[in-house]
Amino acid sequence: MSRVTSFLRQPIVVALALIVLLLYLGALLSPGFASGAQILRLLIVASLLGIVAAGQNVVILGGREGIDLSVGGVVSLSAIIAGNVMNGADIGILPAIAACLVAGAFFGLLNGLGITLLRIPPLVMTLGMLGVLQGLLVVIRMGIPSGQAAPALSRFVTQPLFLSVPGIIWLWVAIGILMAFMLNRTVFGHRIYAIGSNEHAAYMAGVPVRLMRIALFMISGMFAAVAGLCLLGYSGSSFANVGEQYTLTSIIAVVFGGTSLAGGKGGYTGTMAGAFLLVILQGILTTVNIDESGRQMVFGATLLLLMMFYGRGRAMRA
Amino acid sequence: MAEIATSPTYRRAGGLRRLLERYPFLPALAIVLVLLALNGIFSPNSLSYRSLTGLLSTYMALILLAIAQTYVVYAGDIDLSAGSILSLVNVAIIVLMERWGGGAGAVLLALAIGLLLGLACGLVNGLVVAALRLQAIVATFATSIFFTGLALYILPVAGTPAPTIFWRTYGGRLLGLPFVFYILVGLVVLLAVLSRTRLATQLLAVGDDQQAAYQTGLPVVAIRIRGYLLCGLFSALAAFCITGDTASGDPLVGGKMTLFSVAAVVLGGSALSGGWGTVVGSLLGALTIGLISSVVFFMGTPSEWQNFVQGLAILVVLMAGVLAGRRARP
Amino acid sequence: MSKLKLSGVSKAYGATLALRRGDLEVMAGEVHVLMGSNGSGKSTLCKIIAGSVRPDDGRILIDDTPVTITGPRSARAQGIGIFYQELSLAAHRTVEENVCLAALPAKARLFVDRATLKERAARYITLFEGVSGEGFSADALVGNLRPDQRQLVEIMKALASEAPLIIFDEPTSALDRAQVERFFEILRDLKRRGRGIIFISHRMDEIKAIGDRVTIIRDGETITTLNLNETDAGTVIRLMVGGAGDMPASQSSAPAAVDAKDGAALTVRNLSGSGFRSVSFEVARGEILGFGGLHGQGQSALLRAIFGAGSIGSGEILIGSDRFDAASPRDAIRRGCAYVSGDRGRDGVISGRPIIENVTPIHYLRDRLMIARPSKLRDKVAPALESMHTKFASLFHPINSLSGGNQQKVIIARWLIDRPDVLLLDDPTKGIDLSAKADLFALIRQLAADGLGIVLYSSEDAELLGNANRILVFNGGSVSRELTGPERTRYNLYQAAYEAA
């Protein structure tokens, strides 16, 4: 394979090409779709998804059927906690951040413990945890009035902060840089890939496999919590199950970013492109004038079509 | 890998272990019995004939959906679109029955078309996952969105009522016995028949080790597609039950049931990695989910806590299901 | 009559040529032995015949008619049955289901005909009656069986194909003598009935006992086919290893004793665990202690257990004079123990990752690093790789781009940045080429000279004789004989290995 074709086949190149293509398509369908303001709006939405996907990404990279279905619940929970802790006052932002991160880490820890100590498959453990979280949401929502986002948080998410770009997009960029650094330049990152691509070899080379895996689920919970906080800023007030949609879309974003669900292969930069791609696709579908049913059918079919570009399973005959 | 004879890796199967090996759904059965007992303690009335019939007719759809899910899990696959197939078939038959006048003939014809629709959805999933080799978890999520869109196209908002003859039959009695009992008996017979098919053994062999099954000469792709076909078929049957129970069409009715169906399969002691499981276990797993909500309700849990306690209880039994299942299998 | 004829069959995986030119002709009524060292392409050749690997080139003739095999199903339909070295069993199915899995007897086309299945499976199960061991029955789950019993099931499964041509790819590696003998009786019967059989084994005595002709494969190429009764073991081995195999290693070339003045590097006393029992030995600093014996007699299990990756029942281990019982490899590494496995794919290679990341994990652990700066790491990694003459284009290329031998060098280089006190080598040269072996052993001797205590288990006698100062021969999980000084001869090694087996 020549250098050019192998470059073109890189998932991130595919994702970026598709992004450009979809933006062009969007502009054709609805003039102004690819305008700066509209792209910024899409990027805000994408950053919410992208932050959840960052956690999902590390869990999936860690392999052993790693997946976190509880992220949607954590996003919702965090939005509610944040809303109640800050309750419309800027002074409450720091405590809210702390509370959300603790909650996210706590549920991640529970997931990690169940998966490593009891060896419950991640899918089952996080699925069960999702049910618990959803129950918890009901409890909290009935017990206390729904909270409000602090004005500063809303401004951070929706208003331009620097170079007329909102703070949340800068936050996303920062997370992107941080993730790239972590995955490529830290021992922790190298160990994530090691356990993801050959867990046994990693164990034989002294990698603390269980601790690593617990840490990955905690990271996932914390990223979901951060996303929940930002989501509160985006929507202004918290309501139940705002985060539900993120569970599976975060997985799709990771897949579209070129990370293999089998683990050990991929990175976050691609996932960022994947998240943006997904949001643009949804954006186009809301722009064009078709009803909900058509939108869903096109969305589902397009997802399938796009999946054909990414890591299809290996044929059984070598 | 060669090991030596001095290391007896052969584990002598003890009585309990052997029993579990033969009947992997025993832990699920025990959980169901405990939950029934708890139900009885908190509210003796809940064990009445009437309440149990009600429970069964409410959860028959989930039971069937869990069984649908089991057949793909046998082969190590998963179907996140099962719930949306249920929704799609639900609205399709509702609209057809209404359009054709709601007579007995119309109902039967609509049901036949519902089954075909379920099979068609299963075929799509099978082709996408087994033939095109996309990841089951994301690919069936994508098809679920598509099926939901189709359901919304057929019936944009929930509400069209089912013909009286349909839900009266489902909720009614036949020869003095509740109709759902006949469904249950029919289902048990059907499952017994299916478990004797070559397909059941082949699905399990594929789930056990896909490469080994291929090297053995099994048509792995075709077998996995058939698994998805069975899944579509049983999802359609589940849709009939939900239609009988709710007596109306709702394009989103099954959305929340997919993950419950996966949970029920795990509760029943089947391994999500494939190769090991029973449909009876999934049946019991679905009942467990139903009984847990019922126990939580009869315990007098404050209403806002019910979902939480239910979620926690399901998580606990899920973990128990996995641990017991692991003990049972070699 | 020629049952099967292959000519010029080849197969490449990416840049690696697994099979360069495979030629083979099997007659009806013969047991045709395939011989070649690990990685020479035997298994690839077998899998091409059985349809599970697609050849890039070459012709296949069955009964003198050119055929195309499109997959395992098509191979079966054309009369080929196979025993897979890695087995092709469904662990959660019963013995009888596994035996008949390829063609489940049907009733009304849809249902499994249990009665016929039982009867058909019983035909093959009874063939091994009396030697199949405790717990073996038609309705036992395969996952509950011992390794030798699973191998028997795979044999029965191959026999159940009733194919005119059956391939047995290392069918006897886990079997005991009685089982092998029974199996050979069955093979002789098949021969009489005119079946063609391809047989792979590494045990010379078995090949002599059952084989008619032998085809030798070296580096993916068919070298020649010989009549077994017109040749001897020495000729076959020379052909297998090629020119470089003529090393006069019948007597040990390693010094019989080393200066033990520095004391023991590793002491093992009365150690028992899963796979080995009551093993005691001492390795001095600077000494290379060899472990010999047939494959799977507890050598690997013992080495893994010392490294913290196996279970230990009783006994004690000391490194230097400190008690050492590692709870995990991580623990063992921290305390100066190193382990290199011959099973690179499972224990060593972090596949898909850059070469540099495959060298650094031990360094990360022992230096408690947090940040991995490539510029700094390169200075540590490069000399380690150089000392092994590792060939690579860039440290940042994936390890999979290297040949097997170079991959193994990368894995060994891991241990060279921060020197361990004890080095455990578990058949480290499995499947690597001769020049890589030479580099490896040069390094091992150098490490010993630097004062490491080294334990070397090798499945190749020549490697032990050429490098070990002493040799412990394992049999059935314990040391059956210690060979020191002039006792270290190929003959003694061979004899001790086969003594009780």
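Predicted, not measured: the structure shown is a model, and the values here were computed from it.

What counts and what doesn't
- Residues numbered from 1 in each chain as written.
- Chains lettered and ligands numbered in written order.
- Predicted model: local features only at pLDDT ≥ 70, side-chain atom pairs only at ≥ 80, totals over all residues.
- Heavy atoms only, no water.
- Contact = heavy atoms within 4.5 Å.
- Buried area = accessible area lost by both parts, 1.4 Å probe.
- Salt bridge = Lys/Arg side-chain N within 4 Å of Asp/Glu carboxyl O.
- Polar contact = N/O pair within 3.5 Å; in protein donor to acceptor, adjacent residues only side chain to side chain.
- Helix = DSSP H or I, 4+ residues; strand = E, 2+ residues; numbered from the N terminus.
- Nonpolar A, V, L, I, M, F, W, Y, C, P; charged D, E, K, R; others polar.
- pLDDT = per-residue confidence, 0-100.

Visitor: Explain the interface of chain A and chain B to me, and be specific about the residues and the numbers.
Guide: Across the contact, 43 residues belong to chain A and 44 residues belong to chain B. Taken over both partners, the interface formed by chain A and chain B buries close to 3,900 Å², and the fraction arising from carbon and sulfur atoms is 79%. The interface formed by chain A and chain B holds 1 salt bridge in total. For Glu244 of chain A, the salt bridge goes to Lys256 of chain B, with nearest N and O atoms at 3.3 Å. For the interface between chain A and chain B, the tally reads 1 residue pair in polar contact (both at pLDDT 80 or more). Of all the secondary structure elements, the ones that give two or more residues to the side of chain A that touches chain B are helix H6 (122–143), helix H12 (246–256) and helix H14 (292–307) of chain A. Looking at which element gives the most residues to the side of chain A that touches chain B, the answer is H6 of chain A, with 14 residues. Of the residues assigned to the side of chain A that touches chain B, the class counts are 29 nonpolar, 8 polar and 6 charged.

Visitor: Help me get a handle on the interface of chain C and chain A, residues and values and all.
Guide: Listed as interface residues are 38 residues of chain C and, on the opposing side, 23 residues of chain A. Both faces considered, chain C and chain A share a buried interface measuring about 2,400 Å² in area, 55% of it formed by carbon and sulfur atoms. Its largest share of buried area at the contact with chain A, chain C owes to Arg330, Ile350 and Arg353 of chain C, together 20% of the area lost on that side. Taken together, the links from chain C to chain A amount to 0 salt bridges. The interface formed by chain C and chain A contains 11 residue pairs in polar contact (both at pLDDT 80 or more). Contributions of two or more residues to the side of chain C that touches chain A are made by strand E1 (2–13), helix H10 (329–334), helix H11 (344–348) and helix H13 (361–366) of chain C. In terms of residue class, the side of chain C that touches chain A is made up of 20 nonpolar, 9 polar and 9 charged.

Visitor: Quick rundown of the confidence of the model for chain A? Include the residues and the values.
Guide: In the predicted model, chain A carries a mean pLDDT of 86, and 94% of its residues have values of at least 70. The element-level mean pLDDT for chain A is lowest in helix H1 (residues 3–8) of chain A, coming to 64, with helix H11 (residues 209–235) of chain A highest at 93.

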